[in-house]
Amino acid sequence: MARKRKTDGRTPRRALWFRTLIAITACGAAVGVLAAYRTLSDDTATERPVTVDEASRLALSRLNLYQASPLKVDLTATEGGGVVVRVKGVVDYRTHRAVGSYRITGASGTSAPAGGQLDHGLIVWDTGGLGLAPVPKGDDRPPWRQAEHIPRSGWSARSYTTDPLDAGLQLLIGLGADRPDNPLLLAQSGARRLGSDRIDGRDYDRFAGPRAQGATPGTGPDGGRSPLTYWVDGDGGLRRVTMRMPGLGTPTTVEFSGRDGRAKLPAAPWGTG
C-alpha cells in the first residue's frame, strides 16, 4: 500500500511514547544479570513483582502468538466523545499483516443514523500503516474472503496517526515474535503481577508489562506502572491486552480468540503491480 511519509523530521510526543513501549516489550537481549523475584504465587495477594515462572510465561507469550498464526482478533478503541471503533479480523504474525472489518458507533445524541452506526467497512494493516475499503455489496463472507476481490486501487491507504485506533493496531501487529523475550529482562524492567481472572472457563494471570524507559516506580498517575496489561494462561498463551492512552479513561483492548486455520490474507493490498 502506498503510504504518506512525514518529511519535517518531527516526532509527536504520543508517537514517541508508544514506540518506547514497544521497544521495551519486544526487547529480547538481557542487560546484565538479575535474579527474578521468587515471591510465592497467591491469588489474594496485592500487586507484586513477577516470579520466575510468571516472567517465563510472559516471555513466551509473543512466540506462542507467532506459532499459532493466523489468529482471530477483536480490537475495541474509544476515540472520545462517545465514539467507539471495533475491529474484528485475523492477524498473521509470520507476515505481520492483518485483515478484518471495522465498525464505528457513536453515543446517543450524536448525528449517527439509527442504531448509532457512523461507518463500517474493511480494513487491512501491517507494521507501516493501514488501508480501508467499502464492503462489497451482498457479500457476507468473512472479511479476508471479501478483501480478496478488492484490487489494490480499491484501498484507501495511509500511515499511522497517534489516535487510539491506530495505536491499538500498531500494538496488535507488533505483539507476535519468532522468539521469546528474555524473562530476566522483563523482571528487571518492572513487569508485575496484578491478579488473576477467569475468561471463558480458563484461568489467566494479569500482568503489567515492563515500565517505559525513564519511568520511576511509585511516581506518576499509575505509580510508574506500564500502560500495557496482559492476560496470560499457565502455558504462556496470551488472551487479552489492554493499553491505557494519555488523556483517555477507557483503554484500548485487544482480544485473541484462537487460531483460524482457514484464513488466507489477501495479496492485493500489498501488491506492487
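Right, let's walk through the structure included here. (Residues numbered from 1 in each chain as written. Predicted model: local features only at pLDDT ≥ 70, side-chain atom pairs only at ≥ 80, totals over all residues. Heavy atoms only, no water.)

**A few points about the overall build of the chain**
The cut-off we apply is this: A run of H or I in DSSP becomes a helix once it reaches four residues, and a run of E becomes a strand once it reaches two; helices and strands are each numbered from the N terminus. Here's how the labels work: a residue is buried when its accessible area is under 20% of the maximum for its type, exposed when over 50%, partly exposed in between, all with a 1.4 Å probe on protein chains only. Note on definitions: a residue-residue contact is assigned when non-hydrogen atoms from the two residues lie within 4.5 Å. To measure how exposed things are, a 1.4 Å probe is used in the Shrake-Rupley method; for residues, cover is taken only from the protein chains shown.
Looking only at helices and strands, the chain features five helices and twelve strands. Buried positions account for 44% of the 273 residues belonging to the chain. Taking as baseline every contact in the chain between residues at least 6 positions apart, the subset at least 24 positions apart corresponds to 60%. Total accessible area on the chain is roughly 13,700 Å²; 51% of this is exposed by carbon and sulfur atoms.

**As for helix H4 (residues 164-173)**
Along H4, nine of the ten residues are buried, which leaves the element largely enclosed by surrounding structure. Of the residues making up H4, those classed as buried are Pro164, Leu165, Asp166, Ala167, Gly168, Leu169, Leu171, Leu172 and Ile173.

**Observations concerning the pairing of strand S2 (residues 71-80)**
Put simply, the rule is: What makes two strands pair is DSSP finding at least two bridges between them.
In the sheet, S2 pairs with strand S3 (residues 83-92) via nine bridges, with the strands oriented antiparallel. By the bridge assignment, Thr78 is partnered in S3 with Val84. Linking two consecutive strands that pair antiparallel, namely S2 and S3, is a turn of two residues; a positive phi of about 70° is found at Gly81 within it. Both S2 and strand S12 (residues 252-259) contribute to a ladder of five bridges, which runs antiparallel. Counterpart to Val73 in the pairing with S12 is Phe256.

**Examining the nonpolar core**
The condition is simple: The nonpolar core is taken to be a set of buried Ala, Val, Leu, Ile, Met, Phe, Trp, Tyr and Cys residues, with the residues joined through side-chain atoms within 4.5 Å.
Ranked by size, the top nonpolar core spans 40 residues in total, and within it Val91, Trp125, Leu175 and Phe256 carry the most contacts. A per-element tally of this core places H4 first, with six residues. Residues Val90, Val99, Trp144 and Ile150 belong to the second largest nonpolar core, which totals twelve residues.

**Details of the packing of aromatic side chains**
Note the threshold: Each pair of aromatic rings taken from Phe, Tyr and Trp, with Trp reduced to its six-membered ring, is defined by centres within 6.5 Å and is described as stacked if the planes are under 30 degrees apart, edge-to-face if over 60, and tilted in the remaining cases. Here, a charge over a ring means that NZ of Lys or CZ of Arg falls within 6 Å of the ring centre while also lying within 35 degrees of the ring normal.
Enumeration over the complete set of coordinates arrives at zero aromatic pairs. Directly above the ring of Tyr66 sits Arg94, whose terminal nitrogen or CZ lies 5.1 Å from the centroid. We note Arg240 situated over the ring of Trp231; from NZ or CZ to the ring centre the distance is 5.2 Å.

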